[in-house]
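# Coordinates in review
Single-letter residue listing:
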Amino acid sequence: MELSDKKYRRVARWLDGEPVELTDSERSIAEEISRADLDLTGAFEVPPPDRARERASRHLRAALAPVPARFIRFARPVAGVAAAVLLALAAGYLLLPPRPVSQPAPTFTDTRYVTDVPPHDDANLDLDLISFELDGLTADIVQAETTGTFEAEIDSLQRRLDGFWLEEVEHWPDEI
Amino acid sequence: MDQQQLREIIASAKSGDAEGYEALLEAYGPRLYGYFLRATRSHHDAEDLLSELMLRLVRRMKSYDERGRFDQWLFRIAANMVRDRIRRIKARPSVASLTSQADQERSLSEKLAGSAERVEAGLVAAETSDRLQQALDRLDETTRQMVLLRHLGQMSFKDLAKTFQCPLGTALAKVHRGLRTLREYMGEHYGIE
């Protein structure tokens, strides 16, 4: 037996617990559905397999884990991979046959430096030194004007200046 | 589980306690898995959906209004997930559907069965031995969902009408016809009245 939409609506409301006065035909349908509800109790249930339960539980705990724990969980496999790579590199280094010993690179010498440094860099260095010395001399002159005989100091400074140039020449390498 | 126990478990879950969620999984697992399995007819999909539901539960638990019924709230989420999954299965291109017009006109339940067979033939073969599942297979998709949600989710007809966006009378009419079809099939094939 089937009912009109209006009667079905009244039965639905009654089955949902609302106070509705049903006719005999409506009551018959309501009882049929209530009986089916009872007969089918638990019939559709299926216990999840262990695998499904464990997976759901795992996802649950992952979602509830605080952020640092999540970071650690992410970092752990990354650290594992990094450790494995390092181990492989170390093993390769230790296990591979040693390379033939090559001649060590020549040690640093002044000669090598002079020959390796471009000439203009060398000239710049000299100019810097001269400038530094001239600054020093200027300072000495200023001081001499205030403390001693001007002429004598001029002579002394002239000698020092000459000495500076001669000293620089003496230290120049022979191989330029 | 009585209502008091359920309230305590829900409160525990709402406070972020994993034990609370585990208890919910324990209590509702068979009903949820049964719903997912019978709606999708695939253990693989049912397992996916169960895991996904637990994640959604964690995200949405705070929004649960304790004045409402938890079963109905939970199964409404589950019903939405099944609906999305079925849409995806329908949208999934299949070799068979490109080869014949007849195949494109198959019912959703047949398409679902086809997909499930391709994915997990062994499990579905075992599942089809379930006489109740065979009876459910005879129902159209909406009616099957309504019957399952009525019995597993304890949904009222008002909730069913709201979930499936149909008039209240239509929801009851579908469930009534569905239950009658199930009873007839079970009686016809297995002598169960």
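Attention in this report is confined to the structure presented alongside it.

Time to look at the overall build of chain A. A tally of regular secondary structure across chain A gives 7 helices and 0 strands. For chain A, the N- to C-terminal ordering of α and β elements is α-α-α-α-α-α-α. Counting all 176 residues of chain A, 9% fall into the buried class. For chain A, restricting intrachain contacts to residue pairs at least 6 apart in sequence, the fraction spanning at least 24 positions comes to 33%.

A separate point is the packing of helix α2 (residues 18-40) of chain B against helix α3 (residues 43-60) of chain B. Residue and element names in this part refer to chain B. Two elements in contact, α2 and α3, have axes whose closest approach is 9 Å; the angle formed by their N-to-C orientations is 140°. With respect to α3, the axis of α2 lies oblique. In the crossing of α2 with α3, the sense of the turn from one axis to the other is right-handed. Facing Tyr21, Leu25, Leu32, Tyr33, Phe36, Leu37 and Thr40 of α2, the residues of α3 in contact are His43, Asp45, Ala46, Leu49, Leu50, Leu53, Met54, Leu57 and Val58. The residue makeup of the contact of α2 with α3, split by class, is 13 nonpolar, 2 polar and 1 charged.

Further remarks concern unusual backbone geometry. Residues and elements named next belong to chain B. If you check the backbone angles, Gln154 has positive phi at about 55° while not being a glycine. When you line up the elements, Gln154 lands in the loop between α10 (141-152) and α11 (157-163). In the Ramachandran plot, Gln165 falls in the positive-phi region, its phi being about 50° despite a non-glycine side chain. Turning to its location among the elements, Gln165 is positioned in the loop between α11 and α12 (168-190). Accessibility expressed as a C-beta count within 10 Å gives 6 for Gln165, which makes it exposed.

Counting residues at the interface gives 37 residues for chain B and 29 residues for chain A. Of all elements in the fold, only α2, α3, α10, α11 and α12 of chain B reach the threshold of two or more residues within the side of chain B that touches chain A. Residue contributions to the side of chain B that touches chain A peak at 11 residues, all from α2 of chain B. Taken together, the residues of the side of chain B that touches chain A sort by class into 22 nonpolar, 9 polar and 6 charged.

The next thing to look at is helix α1 (residues 5-15) of chain A. Helical geometry: 3.6 residues make up each α-helical turn, so side chains three or four residues apart lie on a common side. Taken together, the buried positions of α1 of chain A are Tyr8, Arg9, Arg10, Val11, Ala12, Trp14 and Leu15 of chain A. A positive phi of about 100° marks Gly17 of chain A, the residue just after α1 of chain A.

In terms of nonpolar packing, the biggest core is built from 55 residues, with Phe36, Leu50, Ala171 and Leu172 of chain B touching the most fellow members. Among the elements that make up this core, the one with the highest residue count is α2 of chain B (10 residues). Each of domain 1 (5-39) and domain 2 (50-95) of chain A contributes no fewer than three residues to this core. Excluding residues within four positions of it along the chain, Ala171 of chain B makes contact with Ala12 of chain A together with Met146, Phe157, Leu160, Ala161, Phe164 and Cys166 of chain B.

What follows covers the environment of Pro30 of chain B. Inspection of the secondary structure assignment puts Pro30 of chain B in helix α2. For Pro30 of chain B, a count of 16 C-beta atoms within 10 Å corresponds to the partly exposed category. As for Pro30 of chain B and Leu152 of chain B, which are separated by 122 residues in sequence, their C-alpha atoms are 9.2 Å apart. Beyond its immediate chain neighbours, meaning those up to four positions away, Pro30 of chain B contacts Glu45, Val46, Pro47 and Pro48 of chain A.

Residue and element names in this part refer to chain A. One can describe the packing of α1 onto helix α2 (residues 24-39) by two numbers: an axis separation of 10 Å at closest approach and a directional angle of 50°. In terms of orientation, α1 and α2 fall into the oblique class. Crossing handedness for the pair α1 and α2: right-handed. Contact with α1, carried on its side by Lys7, Arg10, Val11, Trp14 and Leu15, involves Glu26, Ile29, Ala30 and Ile33 of α2 and no other residues of that element. Across the contact of α1 with α2, the residue classes break down as 6 nonpolar, no polar and 3 charged.

Here is what the cut-offs are and how they apply
- Residues numbered from 1 in each chain as written.
- Chains lettered and ligands numbered in written order.
- Predicted model: local features only at pLDDT ≥ 70, side-chain atom pairs only at ≥ 80, totals over all residues.
- Helix = DSSP H or I, 4+ residues; strand = E, 2+ residues; numbered from the N terminus.
- Buried ≥ 20, exposed ≤ 12 C-beta atoms within 10 Å, placed from the backbone.
- Contact = placed C-beta atoms within 7 Å.
- Axes fitted to C-alpha atoms, helices over the stretch in contact; angles between N-to-C directions.
- Parallel < 35°, antiparallel > 145°, perpendicular 65-115°, else oblique.
- Left-handed = near helix turned anticlockwise from the far one by under 90°.
- Nonpolar A, V, L, I, M, F, W, Y, C, P; charged D, E, K, R; others polar.
- Core = buried A, V, L, I, M, F, W, Y, C linked by C-beta atoms within 7 Å.
- Domains from an automatic or database assignment.

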